[in-house]
Amino acid sequence: MDLWKKTLDVLEGSVEPYDFKNWILPIQCDTIDPDEREIVLSVPDASHGEWLEENFIGEIKDTLRSFTEHDYRVRFTYYGAYGDEARGPDSHETIAPVPQGAPPELIHRYRFEEFVDGPTNQFAMTAARAVADHPGTRYNPLFIFGGVGLGKTHLLHAIGHAVVERNPAARVFYVTSETYVNDLIAAIRTDRMHAFRKRYRDDCDVLLVDDIQFIAGKDRSQEEFFHMFNTLHSAHKQIVMTCDQLPQSIPDMEDRLRSRLQWGLIADIKPPGFETRVAILKKKADADGMALPDDAAMLIARHVTRNVRELEGALMRVEANARMMHRDIDTHLVEQTLSDIIGDGLRRVQPEQIVKAVCAEYKVQIGEIKGPRRHRNITVPRQIAMYLVRELTDESLPQIGALFGGRDHSTVINALKRVEALRDASPDVRSRIEKIRRQLRE
Ligand code: ADP
Ligand code: MG
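The structure presented is a predicted model; accordingly, all values stated were derived computationally and were not measured.

**Student:** Help me understand the pairing of strand 5 (residues 172–176) in this model?
**Tutor:** Side-chain positions along a regular strand alternate between the two faces of the sheet. Strand 5 sits mainly inside the fold: 4 of its 5 residues count as buried. The pairing of strand 5 with strand 6 (residues 206–210) spans 5 bridges and is parallel. The partner of tyrosine 174 across the bridge, within strand 6, is leucine 208.

**Student:** Explain the sheet that holds strand 3 (residues 73–78) here, please?
**Tutor:** The strands making up a sheet associate through hydrogen bonds between their backbones, and the pairing can be parallel or antiparallel. The strand order across the open sheet built from 3 strands is 1-2-3, with neighbouring strands paired in mixed fashion. Sheet topology places strand 1 (28–33) and strand 3 at the edges, where each strand pairs with a single neighbour. Taken pair by pair, the neighbouring strands of this sheet meet at an average axis angle of 20°, ignoring direction. Pairing between strand 1 and strand 2 (residues 38–43): 5 bridges, direction antiparallel. By the bridge assignment for strand 2, glutamine 28 is matched with serine 42.

**Student:** I keep staring at the site of ligand 1 and nothing clicks. Help me out?
**Tutor:** Contacts to ligand 1 come from 19 residues, most closely from Arg109, Val116, Gly149, Lys152 and His154. Asparagine 121 is positioned with one of its side-chain polar atoms (N or O) 3.3 Å from a nitrogen atom of ligand 1. Take histidine 154: an N or O atom from its side chain is 2.7 Å from an oxygen atom of ligand 1. A total of 550 Å² of accessible area belongs to ligand 1 in isolation, and the protein chains cover 96% of it. A breakdown of the residues in the shell around ligand 1 according to their chemical character gives 7 nonpolar, 6 polar and 6 charged.

**Student:** What's the story with the sheet that holds strand 4 (residues 142–146) in this structure? I'm lost.
**Tutor:** Overall, parallel pairing links the 5 strands, which are arranged 5-6-7-4-8 in an open sheet. Edge positions in the open sheet fall to strand 5 and strand 8 (265–269), since each of these has one partner strand only. Across the sheet, the mean angle separating the axes of adjacent strands is 15° when strand polarity is ignored. Pairing of strand 6 with strand 7 (residues 238–243) involves 4 bridges; the strand directions are parallel.

The rules behind these values
- Residues numbered from 1 in each chain as written.
- Chains lettered and ligands numbered in written order.
- Predicted model: local features only at pLDDT ≥ 70, side-chain atom pairs only at ≥ 80, totals over all residues.
- Heavy atoms only, no water.
- Buried < 20%, exposed > 50% of the residue type's maximum accessible area, 1.4 Å probe, protein only.
- Helix = DSSP H or I, 4+ residues; strand = E, 2+ residues; numbered from the N terminus.
- Pairing = 2+ DSSP bridges.
- Axes fitted to C-alpha atoms, helices over the stretch in contact; angles between N-to-C directions.
- Near = heavy atom within 4 Å.
- Polar contact = N/O pair within 3.5 Å; in protein donor to acceptor, adjacent residues only side chain to side chain.
- Areas by Shrake-Rupley, 256 points an atom, 1.4 Å probe, with all protein chains shown as cover.
- Nonpolar A, V, L, I, M, F, W, Y, C, P; charged D, E, K, R; others polar.

Here it is, written out as structure tokens:
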């Protein structure tokens, strides 16, 4: 046993500290047989043994030789640190094959054609398209992050569809990180790490991993993912991941993996602004074969602001109601169907109240906002006031133009676009808009 202790001392100096801690330290020396020149090492499971075999066996043998002046054979047994089911290689036959992870089952309607872009998701969509057109070359990995229901999974599938459309032979593999973790656990338990690695590394050209945040705090999964990442990346295979936050904010993530996630391009998605929400509703209604008038779409978009999934949910309720009652969709039906969401608080806001609230927040005069000056101190609040009038009242674009000193409706459209972009880029603008909204609701 002294021999193994001495060997460990040497390895501690020659192996990376991380690898030493995770791969070498868990080894327990079972027996040393000087006559047979064999050492039996007990490791947590078969894949741990495989890993050592692939990566550290040379150093272990060299070190043993330096002390004994003999070549030792190394044998592994398993002590099953991952639960009772961990088995040695001998029990292969009795074990069912690892379930195939998610095959590249891409949701049909999650395509670029169905994706409505606006200032808050344009960058992510453009990046996704670039990756689909040139997988493995430009942005590798692509990391898309944003809150729930904002289209991350949609874009991930869209990349898959587009890659296969361009090149039907391309092997696209979509998994959620949960599936990945479960696959890995199954592979470890049933001693099928070879098959697992083949599937994720060799049999795949484009790997799409959804909701990567779920591997936080799972050391073994991160370890395996890290090595898989390196293999795919150096083979110029495209990796795309989605997450609910930035790589640097994911808790319990190994630094070296975190840094890999930041290697390529990071693109965020934020909640869509009003105009984009309206466009999404129109597009969905169209796909569903339902007529959705502008004012009804705007009414829904005005009240459902958090994310696209909720927006879709609201539209679905309205559509279902319309079908059931054999009615066309109009603002009445929307109000009836969504009374729980719409309530009555917001609807009574008058344009003048909005102008007043914005002026108070930005400390400018009402006369200035409606006047001709184009200084930034005035134009920003003016545009925000237009934006909120559009969002919170039923005024049409020409009516809004008239309200703000007789401007024409294209000026209003520009203002709305600008505020969406500003809201996206500036936390200050975002929080002021939120504040004004809150005040108006009271
Ligand atoms: P996430 O993965 O970010 O939680 P999803 O991709 O599942 O969100 O999107 C939720 C729903 O909203 C899906 O039905 C998706 O098609 C739809 N969706 C999200 N963003 C858009 C968009 N920009 N255009 C059209 N549909 C969208
Ligand atoms: Mg998702």
